[in-house]
Every structure is written in C-alpha cells, then in structure tokens.
Amino acid sequence: MVTEQTEKLGSEDSKWLGEYSQVHMNVFGTPLRVLDHGQGAHVWDVDGNEYLDFLAGIAVNSIGYAHPKWVKAVSEQAAKVAHTSNYFATEPQIKLAAKLVELAGAPEGSHVYFGNSGAEGNEAAIKLAKLYGRTLPGATPSIGGKPARIIALTHGFHGRTLGALSATWKPSIRTPFEPLVPGIEFVEAGNPMALYEAFAQTGQGHYGKGPVAAVIMELIQGEAGVRPLGADYVKKVRQMCDINHALLIIDEVQTGMGRTGKWFAFQREDLSGGVTPDMVTFAKGVAGGFPMGGMIAFGSKLSALFTPGSHGSTFAGNPLGAAASLATIGVIEDENLVANAEARGQQLRDGIMATGNPLFESARGRGLLDAVQLSHPCAHAVMNWALEHGLIVNAVAPDALRFAPPLNVTAQDVDQALAILARIPDDLPND
Ligand SMILES: *Cc1c(COP(=O)(O)O)cnc(C)c1O
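Residues numbered from 1 in each chain as written. Predicted model: local features only at pLDDT ≥ 70, side-chain atom pairs only at ≥ 80, totals over all residues.

1. Some details on the UniProt feature "binding site: N(2)-acetyl-L-ornithine" (unreviewed entry) in the protein
- Feature annotation in UniProt places "binding site: N(2)-acetyl-L-ornithine" (unreviewed entry) on R160 and S313, given in this structure's numbering.
- Note that R160 resides in the loop between β5 (149-153) and α6 (162-166).
- Classification of R160 by C-beta neighbours within 10 Å gives partly exposed; the count is 15.
- With sequence-adjacent residues up to four places away left out, S313 is seen in contact with G115, N116 and E120. (UniProt positions renumbered as here; feature names shortened; annotations may be inferred. Helix = DSSP H or I, 4+ residues; strand = E, 2+ residues; numbered from the N terminus. Buried ≥ 20, exposed ≤ 12 C-beta atoms within 10 Å, placed from the backbone. Contact = placed C-beta atoms within 7 Å.)

The structure is reproduced here in structure tokens:
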C-alpha cells in the first residue's frame, strides 16, 4: 500500500541531499528524493516512504524494479564476464542484435550498432547519415559540391552530447554551446511545407545548399510534452525523403521497446502512417535499467557504410547490458507486456478524464507514454503534491504531466494512481 505522507522529508533523505549538493555537479537541480529500493511499479526512499512510480526512471524501467528474471540474468552474466572490449564478442551481444533486427521487422542485411545511451544511438545515426550524405550527387566539395545537410524538427529532443544536441531544438539547452555541428537545420514540426522548402534549398550556385542526407525525428515528441506528430505528416516526410534520396531516422529512444503498444512506434499505423525508417535509434527501456542504447540501420547497403574504424565505444555492446536487455525483452514477450501497455494506457487516459477533476483538460499519448494537459501551468506543484501523496509523475511541461510507468504496471496500480490524481487540488499555484 502507498502510505499517505503527512510528515516532512525524513532525516536520512535530507542528510543525503545535503551531501549530494556538496559533491554532485548541479546539472539536475535538487533531486526529489533519495531512493533506496523498488519492486514492480513501487519504489521506497531512504526513509521508508513508498511511491507508486509512474515515471519509471523516464521510461527506462520497462519491467519494473527488481524483476527476478532481470536480476538473475544480470547476476549470472556478472559472474561469467562483465566486459570484454570490442576486440572480442559475446553471445548475449550477438543474440541481442539479431533480436532487435527481428523486433523492428528490419529487412535482411540490417545491422545494429550498440552504444550506451540514447544520445550515443543518435550520434551513431548522425555519423552514418554523414557518410551516406557523401555519396549523394552535389555533395563532393572537391568538384564544387556542398556538404550534405541533416534536418531536425522544432521541439525535437535527441540528447545532450554535442552531435545529438545539434539536432535538439530547445534553445535554452542548445544555444549556450553553439557553435555546434554545422549542417544541421531545424524545420517546423508538423508543417510539410517547411520541410518541402528546406529540401528545395538544395542546388547549384552561391545560394544553393548541399543535398539533404537525412531527416531525424521522433514520432511522439517525448520531452516536448508527449506530442504525436501525426501519421499524415510522417507519411509526407517519408515521401519527401524518398523523392530527395534522403534517409529517415526515427528516434525511438523514448517510444521504443513496447512502450507505445507496439515494439516500435513506427509500427503503429496511427503514428507513422505505415512508413518504414532507414534508421531507428533506441535506448531508455531497452535494457530495463541498464545503460544501453544504439541504432539499427535498415538494409545491407546503408549498414555497409560503417566499416572498421568508422565508429565505436569501449563499452558498446557490453555483455552485462546485452544480458539485461535480452532478459527485459524476454519478460516483455513472456508476460505479454506490449499488449498490457496498450490496455493500461487506455485505462489511464480514460480514467484521468473520468476523474472529473477540473485540473485535467485532455489526455494524450499511446500505450504507456502519456500526458495530461492541465487547465493552468501548475505542473511542478502538481508533481510535488502527487509525490507527497505517494505517486511519482513528471512535470514534462509547465502545463502537462507525463506518465511512463513500467510496462508491467497492473490494472490495480493504475486505479491506485487514478485515485491519487482524482484528489489533486485544482487551485495549486502556477510554476
Ligand atoms: C531521452 C532521449 C534521448 C537521449 O537519451 P540519453 O540516454 O539521455 O542520452 C534521445 N532521444 C529521445 C527521443 C529521448 O527521449
């Protein structure tokens, strides 16, 4: 049971947070709590307070905390070999690459690059797109060509490393680090004309730009507040990419691995219009809490552009991460959690509106990547109120809450969360 927390933060929590601020770089602000252990969708802080976790480490803990099969797989792998370097390979790494190609329905000849985070998956995609761009007519500088471009969308988020940040829109987190990687441009998300115009700038002469190597996009813009771009728009993006020989990179770091009610969001007709990407990037939920990420290149021709020396990382494809990921995928399959994501997401969105709480204007999302639009911009106050009452949710925007519970969240857990959401006062102060 989630207990009502009427008392102030306990002593252990404030003691640790005091130390945190002394030694940990202040890039995340003050953490909300110091957590100690979890079970399923429930987690406990160092003072023993229990929370129902509807954020799950930002869509990472896809099979909840301490799933016995995950713990067993990671422990057994740790007892065998935890790391090898990429001078050597391991069985879990090879099995995982094959499994990801299968789940993505990628064509024969598709290959996987492993990294350790979402940003690294996108770095790999950007680098592969750059190599591809060099193969396009008009991109050869030695004969008067211009470097190929990459197009990203406004409100898109692709990570914090310099390459991924160059494709990340939010000015407050991007502009302090400019100049960034050149040749990455933004167009207005959801506006096909804007993309058409960006493609049309390719050309000869002084004002003409280089060809477009790739468009990188999310299908549901997660960090921007769980905003689906719409199947019609995505279909048009794919068509324009095809006409202009540009690649379509779909960033599934947040949407992937079952979260939206399919293994990948592009497999949802109502999100993608049925398009096939040229590259998919993944991370967050892929290994159920172990740092792991990467990129799937569709088809052998594109995959073959990466050759020995093109890219790499010491930890990439680490056997512990691969074992954690295989265990996570195994549990998602065995416990039918992709279908559960769809059903529980529906229950959550319907239930939020059925609370009748005037704070909630509308619910959106797919599967278990959801948000509720608030009647006024008080998301931080709402998040803190929910936390005090035993529910972890995320203030993804000043006027929206994000929900990304574990995929094995139960109907009872959802009801419990809804009971707390129903009681949130609708007159909390604005952020
Ligand atoms: C979280 C996220 C990233 C970055 O992942 P990290 O593991 O934090 O580097 C990239 N793209 C999307 C869509 C994300 O949600």
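2. As for the sheet that holds strand β15 (residues 391-392)
- Spatial strand order, β1-β2-β3-β15: four strands in an open sheet with mixed pairing. Edge positions in the sheet fall to β1 (35-39) and β15, since each of these pairs with one other strand and no more. (Pairing = 2+ DSSP bridges.)

3. Quick word on helix α13 (residues 337-354)
- The terminal C-alpha atoms of α13, which comprises 18 residues, lie 25 Å apart, in line with the 26 Å expected from a rise of 1.5 Å per residue.
- Listed in full, the buried residues belonging to α13 are L337, V338, N340, A341, R344, G345, L348 and I352. The arc that holds the buried residues of α13, viewed along the axis, is 140°, so those residues lie on one side. Away from its buried face, by an angle of more than 90 degrees, α13 presents the exposed residues D350 and A354. (Expected span 1.5 Å × (residues − 1). Arc of directions from axis to C-beta.)

4. Quick word on the UniProt feature "binding site: pyridoxal 5'-phosphate" (unreviewed entry) in the protein
- Cross-referencing UniProt, the feature "binding site: pyridoxal 5'-phosphate" (unreviewed entry) maps to G118, A119, F157, D251, E252, V253, Q254 and T314 in the present numbering. Judged by maximum C-alpha separation, these annotated positions cover 197 residues in sequence and are scattered in space, the widest gap reaching 25.1 Å.
- Among the structural elements, F157 can be located in the loop between β5 and α6.
- The class for F157 is buried, based on 24 C-beta atoms found within 10 Å.
- Setting aside residues up to four positions removed in sequence, F157 forms contacts with T168, G222, E223 and A224.
- With respect to the helices and strands, Q254 occurs in the loop between β10 (247-251) and α10 (269-272).

5. Focus on the site of the ligand
- Neighbouring residues of the ligand: 16 residues in total, closest S117, G118, A119, V253 and Q254.
- Per-element tally for the shell around the ligand: the top contributor is helix α5 (residues 118-133), with three residues. (Near = placed C-beta within 6 Å.)

6. A look at the domain arrangement of the protein
- When its domains are assigned, the protein resolves into domain 1 (11-63 + 336-422) and domain 2 (71-334).
- Between the C-alpha centres of domain 1 and domain 2 the distance comes to 27 Å.
- If you look at the interface, domain 1 gives 25 residues, while domain 2 gives 22 residues.
- Mapped onto the side of domain 1 that touches domain 2, the elements with two or more residues apiece are α2 (56-59), α13, β13 (360-366), β14 (369-374), β16 (394-397) and β17 (400-403). (Domains from an automatic or database assignment.)

7. A word on the sheet that holds strand β7 (residues 212-217)
- Taken in spatial order, the seven strands make up an open sheet running β4-β12-β11-β10-β7-β5-β6, and their pairing is mixed. Of all the strands in the sheet, just β4 (111-115) and β6 (184-187) have a single pairing partner and so form its edges. The average undirected angle you get between the axes of adjacent strands in this sheet is 20°.
- Looking at chain direction, β5 and β6 are connected through four bridges and run parallel. Across the sheet, I151 pairs through a bridge with E185, a residue of β6.
- The strands touched by α5 are β4, β5, β7, β10, β11 (279-282) and β12 (293-297); relative to β12, the strand with the most contacts, the crossing angle is about 30°.
- Strands in contact with helix α9 (residues 231-243) are β7 and β10; relative to β10, the strand with the most contacts, it is inclined by about 145°. (Axes fitted to C-alpha atoms, helices over the stretch in contact; angles between N-to-C directions.)

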